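# Working through the structure, step by step
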Amino acid sequence: MSKAGPLWDPGRVAQRSRFSALMRLVRIEHTLFSLPFAYAGAVLAYPRGLGPWQALWIGLAVLGLRTAAMSFNNIADLDIDRLNPRTKKRPLVTGAVSLRDAWLLVVAGSLLYYVSAAMLNKYALLLSPLLWVLAMTYPYAKRVHWIPHLHLGLVLGFVVFGGAVATYGSKATSIVDVLARVPWIYVVAVTLWVAGFDTYYAIMDIDFDKRMGLGSIAARLGTRGALLASRLMHLATATLLLASIAVYHVGVIGLLGIVIGVFLLGYQHYLLARHGPEAIPRAFNTNLALGLAIGLGVLVDKLIAVL
C-alpha cells in the first residue's frame, strides 16, 4: 500500500480467460458511466426522435467508442503501466491480452462507432470524428499538462452531445441548428463530475506520477489540493444539475434521479473526508449508481412526458 492510498485498480485482471481479460481491458461495465447520459442527451434535445432503432444505434455507438478508446488507452499507457506497482495486473501488462488483440479491438470499436453514427443521421456522422479524436487523445494528456482529468471529463461530457445529435440531427436544418439544441448544461455537468472523481482517483498514483513527470492535479497540488479541487468540481456539478431542473423542465422522476445523484456526490466526499485516500475505491464505485440515477431518471422522465 502506498502512502497516497490503496493499490487498487479496477482494470486489473484476476484470471487468464481470454474473454474475461478482454472485458477487463475495456472495462465493459464502465460503459454504464456513459450510456445513460447519451440517452439523456437524446431525449433532452428531441424526445420524440428516440425510437427503438435510434436507441440501438446510440448504444452501439457508445459501446464502439468506449471499446476503441479503452483499448487504445491501454496500448498507449503500456510502458507506464509496466512500471506502476498499482497497474501491473492489467491485461496487456500480464500478457492476458496481446497487443494484436488490443489493436483489433481499437479497429473493431472504431468501425462500430462510425457505422452507428452513419446509421443515425448525416450530422451524427459529420460530427463523429470530434468525439473519436477527443477520446483517442486522452492517454497523452498527462504527458502534456497537469489537468488530464478535464480531458477525460470532456470525453464523457461529449457523450451527452453525441446523444443530442443522434436524435435532433434527423430534423436539423444546419450544424448551427444542431448545436443550439445540445443540452450544454448537462455536457458541462458531466464533464466536471467525471473530472472531479478522476482527480481524487489520481491520488493513488501521486508518488509514481511525480517520479515519472506525469501530470495530475494531485501531483501538482498534493493530496489536500486534489481533494479540494474535486470538491469544487463536484459542487459545480451539483449546482448545474439542480439548475437544469428548471432550464429543461425536468419532472418528478428526473428530479428524483438528480437528487439521488447530488446525494451520492456528497456521500463520496463524506467518505473521503472521514477516511482519507483509503476510501477512494468506495467513493469511486458510487459513481456507477450516480450515473444510472441521473441519466435514467431524465430519460424516463422525458419519455413519459411525450407518451
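Reference entry: report on the structure contained in this document. (Residues numbered from 1 in each chain as written. Predicted model: local features only at pLDDT ≥ 70, side-chain atom pairs only at ≥ 80, totals over all residues. Heavy atoms only, no water.)

### Examining the overall build of the chain
Counting secondary structure elements, the chain contains 15 helices and zero strands. Here the C-alpha atoms of the chain give a radius of gyration of 19 Å, agreeing with the 19 Å that 2.2 N^0.38 yields for 307 residues. For the chain, the spread of C-alpha atoms along the three principal axes comes to 55 × 45 × 35 Å. Evaluated residue by residue, the chain yields a buried proportion of 58% over its 307 residues. For the chain, the accessible surface area stands at approximately 13,300 Å², while carbon and sulfur atoms represent 69% of it. In the chain, 27 positive and 13 negative side-chain charges are present, and the distance between their average locations comes to 2 Å. (Helix = DSSP H or I, 4+ residues; strand = E, 2+ residues; numbered from the N terminus. Rg over C-alpha atoms; globule rule 2.2 N^0.38 Å. Buried < 20%, exposed > 50% of the residue type's maximum accessible area, 1.4 Å probe, protein only. Areas by Shrake-Rupley, 256 points an atom, 1.4 Å probe, with all protein chains shown as cover. Lys, Arg positive; Asp, Glu negative; His and termini not counted. Charge placed at Lys NZ, Arg CZ, Asp CG, Glu CD.)

### Quick word on the side chain of serine 230
Of note, serine 230 is situated in helix α13 (residues 217-247). Sequence-distant contacts of serine 230, defined by excluding residues within four places in its chain, comprise Gly196, Phe197, Thr199, Tyr200 and His269. (Contact = heavy atoms within 4.5 Å.)

### Quick notes on the pattern of salt bridges
A full pass over the atoms with the stated rule returns six salt bridges. Connected via shared salt-bridge partners are Asp77, Asp79, Lys142 and Arg143. (Salt bridge = Lys/Arg side-chain N within 4 Å of Asp/Glu carboxyl O.)

### What about the environment of glycine 169?
In this fold, glycine 169 is placed in the loop between α9 (148-168) and α10 (175-181). With a relative accessible area of 6%, glycine 169 lands in the buried category. Sequence spacing of glycine 169 and aspartate 77 is 92 residues, and the spatial spacing of their C-alpha atoms is 35 Å. Setting aside its immediate chain neighbours within four residues, glycine 169 contacts Asn121, Tyr123, Ala164 and Val178.

### Section: the packing of helix α6 (residues 99-120) against helix α7 (residues 122-137)
For any two helices packed against each other, one specifies the inter-axial angle together with the distance between the axes. For the pair α6 and α7, the least separation of the axes is 8 Å and the interaxial angle reads 150 degrees. Accordingly, the angle class assigned to the pair α6 and α7 is roughly antiparallel. Once α6 is placed against α7, the crossing between them reads as right-handed. Mapping the contact onto sequence places Val106, Ser110, Tyr113, Tyr114, Ala117, Ala118 and Leu120 in α6 and Ala124, Leu125, Ser128, Pro129, Leu131, Trp132 and Met136 in α7. Across the contact of α6 with α7, the residue classes break down as 12 nonpolar, two polar and no charged. (Axes fitted to C-alpha atoms, helices over the stretch in contact; angles between N-to-C directions. Parallel < 35°, antiparallel > 145°, perpendicular 65-115°, else oblique. Left-handed = near helix turned anticlockwise from the far one by under 90°. Nonpolar A, V, L, I, M, F, W, Y, C, P; charged D, E, K, R; others polar.)

### Brief notes about α6
Note on helix geometry: an α-helix contains 3.6 residues per turn, so any two residues three or four positions apart are oriented the same way. In a regular helix each residue adds 1.5 Å, so 22 residues correspond to 32 Å; α6 covers 32 Å between its end C-alpha atoms and thus fits that length. For α6, the set of buried residues is Asp101, Ala102, Val106, Gly109, Ser110, Tyr113, Ser116, Ala117 and Leu120. (Expected span 1.5 Å × (residues − 1).)

### As for the environment of tyrosine 138
Along the chain, tyrosine 138 turns up in the loop between α7 and α8 (141-144). Using a relative accessible area of 18% as the deciding quantity, one classes tyrosine 138 as buried. Taking C-alpha positions, tyrosine 138 is 9.9 Å from methionine 70, a pair spaced 68 residues apart along the chain. Once residues lying within four places of it in the same chain are set aside, the contact partners of tyrosine 138 are Asn73, Pro148, His151, Leu152 and Asp198.

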